[in-house]
Each structure stands twice: as C-alpha cells, then as structure tokens.
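Now for the letters of each chain:
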Amino acid sequence: MTWDPWDTRPKDIDDPRAARRVSRYHTREMAEKWPNFRVTIESAWLTRWEGPVEPLAQPYLVRIEFVPGVRTGNIHIPFRSPRVYVLDPAIRRRAEEPNTRVPHLYNEKHPARLCLFFPTGHEWGWRDSIAETILPWTCEWLARYEFWLATGKWTGPAEHPEPLEDNALR
Amino acid sequence: MPDFEIRNPRCNHEKFTDRWPKTDAARDRFAKELATLELTLIRLRDNTETLDLKRNALRKLFGEAAANIAFDSVNKRFGQRGDLGTLAYSLGTGAIGSNLGVVPGLRETTVPKHRFYGSDQDV
C-alpha cells in the first residue's frame, strides 16, 4: 500500500519529472489491479481514470482524478488528493425522503463527488496507492449507498466534524 | 376438500390438507401466488436488481416488518465489518463482501480502514 520513491516528500512535488513518476506509478498500479479502468487524461498536472465497478447489486461508472502537484515556470498547480466522481448512474436521493441529502458527498450535483476519507485525519497521503485505497473505498461507499437507499441508514465508520476551511477539503 | 390427506411427519395428528384451498379457484390463486414467490426468490438470488428493489420485493412477499428486519440486520452487520476493518473487496470488479453471502466466491482483500467524511452541505 505504501511507496517511497524519494527520501523526503516536498510540500508539493513541483518537479515535473517527479510528478510524472508519481502519476506513472499510479497508472501502472491501476492497470495491474483495476484492468477495466482506462486512462482518459494523462498529463504532467492531471491523471484521470474512468472505469466500471460493481460493489453489490448494481454496476457504476466512476472517474478518478489525481493532481500530483507541479510547477513549470510561473505556473504552480498544487498537489491534490484524488477526487472520485460517479458518472453513471447518477447518485440520487431516496424516493421516500426527497428532502434528505445523500450522505458523505462533497458535491451532490451530478456527477457527485464522494467523501471517502477524513481529510485532516491522515487517512490518505501521497505515499498511498490509489488502486489499493481510493478504489476500494469508492466501492465501499457505493455499497453503503445501496444499503442507504434501501434502509435510510448509513452504517460504518464516518466522521461528522465541524465545517472545515475549504482548502482543507481539497 | 381434497380427497386425500397429507399429515405432518413430525406431528401425526396434524393434517396439512385441512388448510389447503377448498375450491378450484382458490387452488388456482394459490398456485399463482406460489409461482410469484418462486420467481421473486430467483430474482433476489440472482443479484440482478438494486437493493431497494429487492427490499420492495421482500415487502410484497413477507410484509413491511419482515423486510425491514432483514435489511436492517444485514446493513448493521455490514457496518460492523467496516468498523472492525474486516470488510473485503475484489480487485478488478470492486465487489464488496464480508461473509454476508452477498457476493459468493469473493477473493478477499481487506479494505483499508478509513472514515467517510460527512457534511450536510456541498463544499
């Protein structure tokens, strides 16, 4: 699950060559462990994968975006934790409770962005494999979502802290 | 009444046939209901529908309370697996399992522990 390509981690990877190494590492891991996913954008500043998962009773198409952090000249794109969106089917509220939001989303509007880990809880870091953390968490989220649709109850580990500064979530 | 009788093998004085439908129409209705039950159970087993549709199917067959108890029980166990960090998934497909019988034949890899973050507003 962990990877150590450098002895120390800069705040942002910055070096375009290092950023590419990080992205290639994740791309290689994704291809090996989630062969149905395909890379739809591969650049120094952004890697995007899209692919199917079927956690419980329904297949989904999901998108994962990862920004390794890069600086080129005056342009600086900071490191960003992976973002996961559900492309199809659209995440929906329960028919029985149309005024109740879907739990654990950053953005409910389609395509919904999933809240997979506690951002200030050190649960995901730059050393962690997207294929072995973000993807299984995505599948777990979708499975719990299916149970939530059926029962109205979201079970399992969750955190409901006070609202955080916007930057802390990204 | 049928012109034969079937007794409970474990309780000989009980006649099952006493409770059988007494008319042809009632027997036809019973046969149709039995066919519906069988088809619904096949649909539930074959994992081709979403959980909320499955729950609705259970409600129709066994009533609201029974369906609620069944789903709440599985959902609770599913949640406990997450709390304990013993939830498993299948690489490649992402099938989630936890010895719940939801995904037969799952090659298990443990889901790393984490907490879903929650807010009631978009951020």
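Residues numbered from 1 in each chain as written. Chains lettered and ligands numbered in written order. Predicted model: local features only at pLDDT ≥ 70, side-chain atom pairs only at ≥ 80, totals over all residues. Heavy atoms only, no water.

*Asks:* Residues and numbers for the overall build of chain B, please.
*Replies:* When helices and strands are counted, chain B shows three helices and six strands. If you list the helices and strands of chain B from N to C, you get β-β-α-α-α-β-β-β-β. Burial status across chain B gives 33% buried among its 123 residues. Once local pairs closer than 6 in sequence are excluded, the contacts in chain B between residues at least 24 apart make up 12%. Of the roughly 8,000 Å² of accessible surface on chain B, 55% is carried by carbon and sulfur atoms. (Helix = DSSP H or I, 4+ residues; strand = E, 2+ residues; numbered from the N terminus. Buried < 20%, exposed > 50% of the residue type's maximum accessible area, 1.4 Å probe, protein only. Contact = heavy atoms within 4.5 Å. Areas by Shrake-Rupley, 256 points an atom, 1.4 Å probe, with all protein chains shown as cover.)

*Asks:* So what's going on with the side chain of Arg48 of chain A? Which residues, and what values?
*Replies:* Here Arg48 of chain A is to be found in strand β2 (residues 47-53). Here Arg48 of chain A falls in the buried class, since its relative accessible area comes to 18%.

*Asks:* An account of the pairing of β2 of chain A is needed here, citing residue identities and associated values.
*Replies:* All names here are of chain A. A large share of β2 lies buried, amounting to six of its seven residues. In this sheet, β2 lies alongside strand β1 (residues 38-42) in antiparallel orientation, the contact comprising four bridges. Bridge pairing links Ile41 to Arg48 in β2. Adjacent in sequence and paired antiparallel, β1 and β2 are bridged by four residues. (Pairing = 2+ DSSP bridges.)

*Asks:* Any chance you could break down the packing of aromatic side chains for me, citing the residues and the numbers?
*Replies:* By the definition in use, this model includes twelve aromatic pairs over all chains. Ring centres of Phe66 of chain A and Trp124 of chain A lie 6.3 Å apart, and the angle between their planes is 70 degrees; on these two criteria the pair is classed as edge-to-face. Placement of Phe66 of chain A in strand β3 (residues 60-67) and of Trp124 of chain A in the loop between β8 (112-114) and α2 (130-151) is noted, with a sequence separation of 58 residues between them. Across the pair, exposure class does not vary: Phe66 of chain A and Trp124 of chain A are buried alike. Aromatic ring contacts, followed pair by pair, group Trp141, Tyr145, Trp148 and Trp154 of chain A together with Phe116 of chain B into a single cluster. A cation over a ring is seen here: Arg144 of chain A above Phe78 of chain B, with NZ or CZ 4.5 Å from the ring centre. (Phe/Tyr/Trp six-rings, centres within 6.5 Å; stacked < 30°, edge-to-face > 60°. Lys NZ or Arg CZ within 6 Å of the ring centre and 35° of its normal.)

*Asks:* Just give me the short version of the environment of Trp45 of chain A, but keep the residues and values in it.
*Replies:* All names here are of chain A. As for its placement among the helices and strands, Trp45 is situated in the loop between β1 and β2. Exposure remark for Trp45: the relative accessible area of 48% places this residue in the partly exposed category. When the C-alpha atoms of Trp45 and Arg83 are compared, they prove to be 14 Å apart, with 38 residues separating the residues in sequence. Among residues more than four places away in sequence, those in contact with Trp45 are Phe66, Val67, Pro68, Val70 and Ile77.

*Asks:* Summarise the packing of helix α1 (residues 24-45) of chain B against helix α2 (residues 51-62) of chain B; cite the residues concerned and give the values.
*Replies:* Residues and elements named next belong to chain B. Direction vectors running N to C along α1 and α2 enclose 155 degrees, while the axes themselves pass 10 Å from each other. As judged from the angle between their axes, α1 and α2 are roughly antiparallel. For the pair α1 and α2, the sense of crossing is left-handed. Two secondary-structure elements touch here, α1 through Leu37, Thr40, Arg43 and Leu44 and α2 through Lys54, Ala57, Leu58, Leu61 and Phe62. Broken down by class, the residue content of the contact of α1 with α2 amounts to six nonpolar, one polar and two charged. (Axes fitted to C-alpha atoms, helices over the stretch in contact; angles between N-to-C directions. Parallel < 35°, antiparallel > 145°, perpendicular 65-115°, else oblique. Left-handed = near helix turned anticlockwise from the far one by under 90°. Nonpolar A, V, L, I, M, F, W, Y, C, P; charged D, E, K, R; others polar.)

*Asks:* An account of the confidence of the model for chain B is needed here, citing residue identities and associated values.
*Replies:* Residues and elements named next belong to chain B. A residue-level look at chain B finds 85% of positions with pLDDT of 70 or above and a mean pLDDT of 82. Element-level pLDDT for chain B is lowest in strand β6 (residues 116-117), with a mean of 79, against a maximum mean of 92 in strand β1 (residues 7-8). Under the prediction, the complex receives an ipTM of 0.73, its pTM being 0.80. (pLDDT = per-residue confidence, 0-100.)

*Asks:* Could you give me a rundown of unusual backbone geometry, with the residues and numbers involved?
*Replies:* Residue and element names in this part refer to chain A. A cis amide bond, omega -5 degrees, links Asp88 with the succeeding residue Pro89. Omega for the peptide link from His110 to Pro111 comes to -5 degrees, which places this bond in the cis form. Phi at His104 takes a positive value of approximately 55 degrees, unusual for a residue other than glycine. The residue His104 is located in the loop between β6 (80-88) and β7 (105-107) in this model.

*Asks:* Any chance you could break down the interface of chain A and chain B for me, citing the residues and the numbers?
*Replies:* By a widespread convention, an interface's size corresponds to the accessible area lost as its parts come together. Contact residues are listed per partner, giving 56 residues for chain A and 40 residues for chain B. Between chain A and chain B lies a buried interface of about 4,100 Å² when both sides are counted; carbon and sulfur atoms form 56% of it. Here Lys153 of chain A and Asp72 of chain B are joined by a salt bridge, their closest N and O atoms 3.0 Å apart. Along the contact surface separating chain A from chain B lie 16 residue pairs in polar contact (both at pLDDT 80 or more). Elements supplying a minimum of two residues to the side of chain A that touches chain B: β2, β7, α2 and β9 (158-159) of chain A. In terms of residue count, α2 of chain A provides more of the side of chain A that touches chain B than any other element does, 15 residues in total. Across the side of chain A that touches chain B, the residue classes break down as 29 nonpolar, ten polar and 17 charged. By the bridge criterion, two bridges tie β9 of chain A to β6 of chain B in an arrangement that is parallel. Counted as the bridge partner of Ala158 of chain A is Phe116 of chain B from β6 of chain B. (Buried area = accessible area lost by both parts, 1.4 Å probe. Salt bridge = Lys/Arg side-chain N within 4 Å of Asp/Glu carboxyl O. Polar contact = N/O pair within 3.5 Å; in protein donor to acceptor, adjacent residues only side chain to side chain.)

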